[in-house]
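Architecture at a glance
Each chain, letter by letter, is given below.
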Amino acid sequence: MKQVLHFLYCVYQLLVALPLGLLTTVVLIIPILIGSALGWGHFWGYYPPHLWARIVLWLFLIPVKVEGRKHLEPKQSYVFVANHQGAFDIFLIYGYLNRNFKWMMKYQLRRIPLIGYTCEKIHHIFVDKRGPKKIKASYDAARATLQGGTSVTLFPEGSRTFTGHMGVFKKGAFALADELQLPVVPLTINGSFNIMPRTRDMKFVHWHPLSLTFHDPIYPVGQGPENVEAIKNQAYDSVMSALVPEYQGFVENPDQ
């Protein structure tokens, strides 16, 4: 019975979900490109992708459960950090974070034609680590962007897991939070690895529920390396605490 249902789900993907998902992507990406070039980057960078992500999850019949959002304050800017289980993490965060946020990305991405320009216009944060002056300029740009409730989201593992288990957290997200004295909100993602792990990219989606758990914000206590390390460790423990038992425990990722 399970194999029959999976076969029918694959047929549904080919005939309905994939064609309509691609159509939705094309229909929404055009106004994002045009709108961001004309202005209102904060609007075009969040609301159309928010709608796109919800539609895609709806088309693939993926149920989503969200817990703990009540911990957040409406006009507070946060640094959101999440485990990186699979490709559907992006849909889950865009669709259900319900906060206007920016991604933090490597400065090299700015050089990609059209994509880099658009990311700059919608105020995603480019991080340049080529010396103290470049780092300071990156932090100053982030400080100007992350105000009035606009937040930033990162995957501190740096890459998707191969196993469903969490790898190590890198300190970049926590160094940014320390520099700007912003609270860190750990997020636990469950289900994305079961839907499409990185070892099955560009293959049929496996149906599985998704869940997004918001943990209590972690506010800075002081500033400097000790604060960065303390918040990183606390965030790691919080994310780990809400993982399903199957993926509890540290497993090193080969590309970390």
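For the structure itself, look to the data block above.
Everything quoted here is computed from the prediction, not taken from an experiment. (Residues numbered from 1 in each chain as written. Predicted model: local features only at pLDDT ≥ 70, side-chain atom pairs only at ≥ 80, totals over all residues. Heavy atoms only, no water.)

A closer look at the layout of surface pockets
Roughly 1,600 Å³ of internal volume is contained in the largest pocket. Trp103, Met104, Met105, Lys106 and Leu109 are the residues nearest the centre of the largest pocket, which is lined by 41 residues in total. Among the secondary structure elements, those contributing two or more residues to the lining of the largest pocket are α1 (2–38), α3 (47–59), α4 (89–96), β3 (101–106), α5 (115–121), α6 (132–145), β5 (151–154) and α7 (172–180). Along the lines of polarity and charge, the residues of the lining of the largest pocket split into 27 nonpolar, nine polar and five charged. Looking at the second largest pocket, its volume works out to about 420 Å³. Along the wall of the second largest pocket there are 18 residues; nearest its centre are Leu18, Phe60, Phe91, Met196 and Val205. Those elements that provide at least two residues to the lining of the second largest pocket are α1 and α3. When residues of the lining of the second largest pocket are assigned to their parent elements, the largest contribution, six residues, is made by α1. For the lining of the second largest pocket, the per-class residue count stands at 13 nonpolar, three polar and two charged. (1 Å grid on protein atoms, 1.4 Å probe; cavity = no way out; pocket = protein on both sides within 12 Å on 5 of 7 lines; lining within 4 Å. Points joined across faces, edges and corners; volume = space filled by probe spheres on them. Helix = DSSP H or I, 4+ residues; strand = E, 2+ residues; numbered from the N terminus. Nonpolar A, V, L, I, M, F, W, Y, C, P; charged D, E, K, R; others polar.)

A closer look at the pairing of β5
In β5, alternate side chains face the same way, and those of Ser151 and Thr153 on one face and Val152 and Leu154 on the other are all buried. Both strand β2 (residues 79–82) and β5 contribute to a ladder of three bridges, which runs parallel. Looking across to β5, one finds that Val81 is bridged to Leu154. With three bridges connecting them, β3 and β5 associate as parallel partners. Each bridged residue has a counterpart across the sheet, and for Phe101 the counterpart in β5 is Ser151. (Buried < 20%, exposed > 50% of the residue type's maximum accessible area, 1.4 Å probe, protein only. Pairing = 2+ DSSP bridges.)

Focus on the packing of aromatic side chains
The tally for this structure, following the rule as stated, stands at 17 aromatic pairs. The aromatic ring of Tyr96 is capped on one face by Arg54, whose charged end is 4.0 Å from the ring centroid. (Phe/Tyr/Trp six-rings, centres within 6.5 Å; stacked < 30°, edge-to-face > 60°. Lys NZ or Arg CZ within 6 Å of the ring centre and 35° of its normal.)

Remarks on the nonpolar core
Core analysis: the biggest nonpolar cluster contains 37 residues, and Phe80, Ile93, Leu187 and Phe214 have the highest contact counts within it. Elements supplying a minimum of two residues to this core: α1, α3, β2, α4, β3, β6 (184–190) and β7 (210–214). When sequence neighbours within four positions are dropped, the list of residues in contact with Phe80 reads Leu72, Leu97, Arg99, Ser151, Val152, Thr153, Leu154, Val185, Leu187 and Phe214. With 24 residues, the next largest nonpolar core counts Val81, Ala173, Leu182 and Ile218 among its residues. (Core = buried A, V, L, I, M, F, W, Y, C linked by side-chain atoms within 4.5 Å. Contact = heavy atoms within 4.5 Å.)

With respect to the sheet that holds β2
Pairing within the open sheet is mixed, and its seven strands lie in the order β1-β7-β6-β2-β5-β3-β4. Looking at which strands have only one partner, the edges of the open sheet turn out to be β1 (64–67) and β4 (125–127). Shown here is a sheet whose adjacent strand axes are inclined to one another by a mean of 25°, direction ignored. By the bridge criterion, four bridges tie β6 to β7 in an arrangement that is antiparallel. For Ile189, the partnering residue across the bridge sits in β7 and is Leu212. (Axes fitted to C-alpha atoms, helices over the stretch in contact; angles between N-to-C directions.)

A look at the pattern of salt bridges
Inspection of every chain in the model, using the stated rule, returns three salt bridges. One salt bridge in this structure joins Glu67 and Lys65, with 3.5 Å as the shortest N-O distance. A residue is classified by how much of its surface remains accessible, and Glu67, at 40% relative accessible area, is partly exposed. One salt bridge connects Glu229 with Lys232, and the closest N-O pair in it is separated by 3.5 Å. Residue Glu229 and its partner Lys232 are both found in helix α9 (residues 225–241); the two are separated by three residues, about one turn of the helix. Under the relative-accessibility criterion, Glu229 is labelled partly exposed at 39%. You can call Lys232 buried: its relative accessible area is 14%. (Salt bridge = Lys/Arg side-chain N within 4 Å of Asp/Glu carboxyl O.)

Describing the environment of Tyr139
Of note, Tyr139 is situated in helix α6. Setting aside chain neighbours within four positions, we find Tyr139 in contact with Ala175, Leu176, Glu179 and Leu180.

Shape descriptors only; they carry no functional weight alone.
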